[in-house]
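An overview of the molecular structure
What follows is the residue order along each chain.
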Amino acid sequence: MSSPAEEPPLGRRFRLALRTYRAWVSYFVLGVGVVLTVLAVGFFTPLGNSWPFSAINGVTNTPTANYNLLFVVLGPIVVIVGAYLVGSYVAARTKFEHLMVTKSKAEFLRNIPELEDLLWELTPADAGRYEQKKAELRIRR
């Protein structure tokens, strides 16, 4: 008796989703960091008197808590993390695309370890492209 196809655990599905949408996640983290930093700058500079910041500061600076102080700390940290994620993804993507363009089997064989390391930072679709390229060049490994 065959059992129905079991759905993978939530953790595995989450990791697959993060890997599949890595570019979107990294751009989102960078965007959130930039927004938090802009909100902090808008509170602590004369820009706070202008229209968008005066409305936002009224909500974030309550009598019990000043969330703008949290934005000052978290904003730059999230920007740095987001910039690292975007930078590492873009660098891996450009290097992967450069290595996948080669028509030479010898050059491709020389770069297989580097390609396999890059696949950890790229999407599952890129792993499929890598397997297709190996099949195209008739490489068994």
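In what follows, the structure referred to is the one given above.
Bear in mind the structure is a predicted one, so any value in this text is a computation, not a measurement.

**Examining the overall build of the chain**
Per the secondary structure count, the chain includes seven helices and zero strands. Scanning the chain from its N terminus toward the C terminus, one meets helices and strands in the order α-α-α-α-α-α-α. Relative to the 2.2 N^0.38 estimate, which gives 14 Å for 141 residues, the radius of gyration of the chain is 23 Å and therefore markedly larger than a compact globule would have. Here the C-alpha coordinates of the chain stretch approximately 65 × 50 × 20 Å along the principal axes. For the chain, buried positions account for 26% of its 141 residues.

**Re the environment of L36**
One can find L36 in helix α2 (residues 22–44). A relative accessible area of 16% places L36 in the buried class. Sequence-wise, L36 and V73 are 37 residues apart; in three dimensions their C-alpha atoms are separated by 9.2 Å. Among residues more than four places away in sequence, those in contact with L36 are F71, L74 and G75.

**So, the pattern of salt bridges**
Under the criterion given, the structure shown has eight salt bridges. Residue E97 pairs with R129 through a salt bridge whose shortest N-O separation is 2.8 Å. One end of the pair, E97, is in helix α4 (residues 67–100); the other, R129, is in helix α7 (residues 124–136), and 32 residues separate them in sequence. Look at R129 and you get partly exposed, because its relative accessible area is 31%. A salt bridge links R129 to D126, with the shortest nitrogen-to-oxygen separation between them at 3.8 Å. One end of the pair, R129, and the other, D126, are both in helix α7, three residues apart, so they sit about a helical turn from each other. Exposure remark for D126: the relative accessible area of 4% places this residue in the buried category.

Procedures and definitions
Residues numbered from 1 in each chain as written. Predicted model: local features only at pLDDT ≥ 70, side-chain atom pairs only at ≥ 80, totals over all residues. Heavy atoms only, no water. Helix = DSSP H or I, 4+ residues; strand = E, 2+ residues; numbered from the N terminus. Rg over C-alpha atoms; globule rule 2.2 N^0.38 Å. Buried < 20%, exposed > 50% of the residue type's maximum accessible area, 1.4 Å probe, protein only. Contact = heavy atoms within 4.5 Å. Salt bridge = Lys/Arg side-chain N within 4 Å of Asp/Glu carboxyl O.

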